[in-house]
Structure formats: C-alpha cells, structure tokens
Amino acid sequence: MTSDPNDAELIARSLDGDEDAFVEVVRNHEAAVGAYLARRVGREQAEDLLGEVWAAALASRAAYDRAFPDARPWLIGVAHNMLRRHWRSRRPEQPRADVAGSASGWDPWAAVDDRVDAEPVLRRALALLGPQQREIVTLVAWEDLTVADAGRAIGIPPGTARRHMHEARMVLRNAPGMAALLNDHDTVKEAH
C-alpha cells in the first residue's frame, strides 16, 4: 500500500517534468493560501493575487527546501511576499490594509459571553504589536501554523519567531481590555 506523496515529493516530481504534481500542491493548499490573502486584502483582491502567488511559487519551486514535507508555510511565505509587493505598489492615497481588523468574524474566544465586544479590543491589542510580532500571531492563530512554521513563512529563524511570539503574548496580556477577556474566557472554560 503506497501513501500519498507529500508536498516535497510532489514538488520534486514537478521539477522532473510531472506537470500534474504541482497542480496537486496547489489543490492541497489553495483554500489556506486564499484565506490568508482574503484576511489581509479582502476576497476580491485575494482572488486576483492568488493566481500571482501560484505563478511565483511555480517559478521558484526549485528553491523549495525539500527537507520540509509540508509546503503550506512556504506558500504562505510566497503569498506574504506578494502582499508586500502589492502594498508597496499602491498609490499613496490608497489606504493600506488594516491587518488587525481584516479578520472579521474571527473570535479566538468563542466561549466568551456574547455581550463582550471582543473585536475592537482585539484590534486595538493587535495594533500595539510590531509588524513581525503581529504577523507571527496571526499566522499561528488564523493560519494554524506552528510558531516555527510561521517564522519560516516570513523568512526568520525559529528562535526569532519564538521570541516575537513571546513578546507579542506579553504585549497582548497587558493590553487594555485583554485581561478582562482572558479572565472571562478562563471562567467560562472552568465552568465546563
């Protein structure tokens, strides 16, 4: 019984001429990479950028480190770089996307009482973070990456990513309104 090939194997096969192999990598990660983009620039622009991400990934697949069987962090890194180019190319009068507020509907504390208005508190707390801290937090929380994979996605070593996550946690714990949210969350959790 043979198991399905992992992303590294598919990328290697695509480099050896198997045109369908890279299509399988795209199929495996299209939803995750599309969601990553949509949370940052909205659905319409994400659809436009997604094709550019796949083209860039296809063109740069020879540089993929095949020691990593899962290509999702690498593909999110390609998308991250595409977003940076997209934002730099915008006219000055066009506002930049507010990453902290772009995940409408996302609530990391689903059990928190509905009367607590968490979104503005979270938005303000995320705005207190530096860009790399915020990106690590959102990659871990929204994209379900490990801290090390989040670091890999944005091109920083795992130790640096862990430091950014630790610093972000400290800032978020001390952000106005976050203590009440965390306490409410812990109280609800203990009750169950």
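Higher on the page you've got the structure.
Residues numbered from 1 in each chain as written. Predicted model: local features only at pLDDT ≥ 70, side-chain atom pairs only at ≥ 80, totals over all residues. Heavy atoms only, no water.

A.B. asks: It is not clear to me how the overall build of the protein should be interpreted in this structure. Could you clarify?
C.D. replies: Along the protein, the regular secondary structure elements total 9 helices and 0 strands. Counting from the amino terminus, the protein carries its helices and strands in the arrangement α-α-α-α-α-α-α-α-α. Out of the 192 residues belonging to the protein, those deemed buried represent 40%. Once local pairs closer than 6 in sequence are excluded, the contacts in the protein between residues at least 24 apart make up 64%. Summing over all exposed atoms, the protein offers an accessible surface of approximately 11,000 Å²; the carbon and sulfur share of this is 51%. (Helix = DSSP H or I, 4+ residues; strand = E, 2+ residues; numbered from the N terminus. Buried < 20%, exposed > 50% of the residue type's maximum accessible area, 1.4 Å probe, protein only. Contact = heavy atoms within 4.5 Å. Areas by Shrake-Rupley, 256 points an atom, 1.4 Å probe, with all protein chains shown as cover.)

A.B. asks: How should I be thinking about the packing of aromatic side chains in this particular structure?
C.D. replies: We describe a pair of aromatic rings using the distance from one ring centre to the other and the angle between the two ring planes. Applying the stated criterion to the full structure yields 1 aromatic pair. Consider the rings of Tyr64 and Trp74, whose centres lie 5.0 Å apart with planes at 65°: the pair is edge-to-face. With Tyr64 in the loop between helix H3 (43–60) and helix H4 (72–89) and Trp74 in helix H4, this residue pair connects regions lying 10 residues apart in the sequence. Both residues of the pair, Tyr64 and Trp74, belong to the buried class. Here the guanidinium or amino end of Arg152 rests over the ring plane of Phe68, the centre of that ring lying 3.8 Å away. (Phe/Tyr/Trp six-rings, centres within 6.5 Å; stacked < 30°, edge-to-face > 60°. Lys NZ or Arg CZ within 6 Å of the ring centre and 35° of its normal.)

A.B. asks: I'm lost on the pattern of salt bridges in this one. Help?
C.D. replies: A side chain of one charge can pair with a side chain of the opposite charge when the charged atoms of the two come close. Overall, the coordinates contain 8 salt bridges when judged by the stated rule. Across the salt bridge formed by Arg43 and Glu47, the nearest N and O atoms sit 3.9 Å from each other. With Arg43 and Glu47 both in helix H3, this residue pair falls 4 residues apart, about one helical turn. The residues Arg43 and Glu47 share a single accessibility class, namely exposed. When the shortest N-O distance is used, the salt bridge between Arg152 and Asp149 registers 3.4 Å. Of the two residues, Arg152 and Asp149 are both situated in helix H7 (residues 147–154); the distance of 3 residues between them amounts to about one turn of the helix. (Salt bridge = Lys/Arg side-chain N within 4 Å of Asp/Glu carboxyl O.)

A.B. asks: So what exactly am I meant to see when it comes to helix H2 (residues 19–41) here?
C.D. replies: Given 3.6 residues per turn, any residue in an α-helix points the same way as the ones three and four places further on. Taking the largest bend as the criterion, H2 deviates by roughly 55°, centred on His29. If you follow the buried residues of H2, they end up packed against helix H1 (7–15), H3, H4 and helix H6 (131–141). Taking the backbone nitrogen of Asp20 as reference, a side-chain oxygen 3.1 Å away marks Asp18 as the first, capping residue of H2. Immediately beyond the C-terminal end of H2, within one or two residues, lies Gly42, with a positive phi of roughly 90°. (Bend = angle between axes of the 7 residues up to and from the residue. Polar contact = N/O pair within 3.5 Å; in protein donor to acceptor, adjacent residues only side chain to side chain.)

A.B. asks: I would appreciate a short explanation of the packing of H7 against helix H8 (residues 158–174) in the present structure.
C.D. replies: Between two packed helices, what matters for the description is the angle formed by their axes and the separation of those axes. One can describe the packing of H7 onto H8 by two numbers: an axis separation of 8 Å at closest approach and a directional angle of 110°. Here H7 lies roughly perpendicular to H8, going by the angle between them. In terms of crossing hand, the pair formed by H7 and H8 is right-handed. Counted together, Val147, Ala148 and Gly151 of H7 and Pro158, Ala161, Arg162 and Met165 of H8 form the full contact between these two elements. (Axes fitted to C-alpha atoms, helices over the stretch in contact; angles between N-to-C directions. Parallel < 35°, antiparallel > 145°, perpendicular 65-115°, else oblique. Left-handed = near helix turned anticlockwise from the far one by under 90°.)

A.B. asks: Would you take a moment to explain unusual backbone geometry for this structure?
C.D. replies: Trans peptide bonds make up the majority, and among non-glycine residues the majority have a negative phi. Here the phi dihedral of Asp144 falls at roughly 60°; this positive angle occurs in a residue that is not glycine. Its location among the elements puts Asp144 in the loop between H6 and H7. What makes Asp144 exposed here is its relative accessible area of 62%.

A.B. asks: What is the right way to read the nonpolar core from this model?
C.D. replies: The nonpolar side chains of a soluble globular protein tend to be buried with one another. Judged by nonpolar contacts, the single largest core of 48 residues is most densely connected at Val33, Leu37, Trp74, Leu75, Ile136 and Leu139. Elements represented by at least two residues in this core include exactly H1, H2, H3, H4, helix H5 (118–127), H6, H7 and H8. Built from parts of two domains, this core gets at least three residues from each of domain 1 (1–91) and domain 2 (106–191). Excluding its chain neighbours within four sequence positions, the residues that come into contact with Val33 are Leu50, Val53, Trp54, Leu75, Ile76 and Ala79. (Core = buried A, V, L, I, M, F, W, Y, C linked by side-chain atoms within 4.5 Å. Domains from an automatic or database assignment.)

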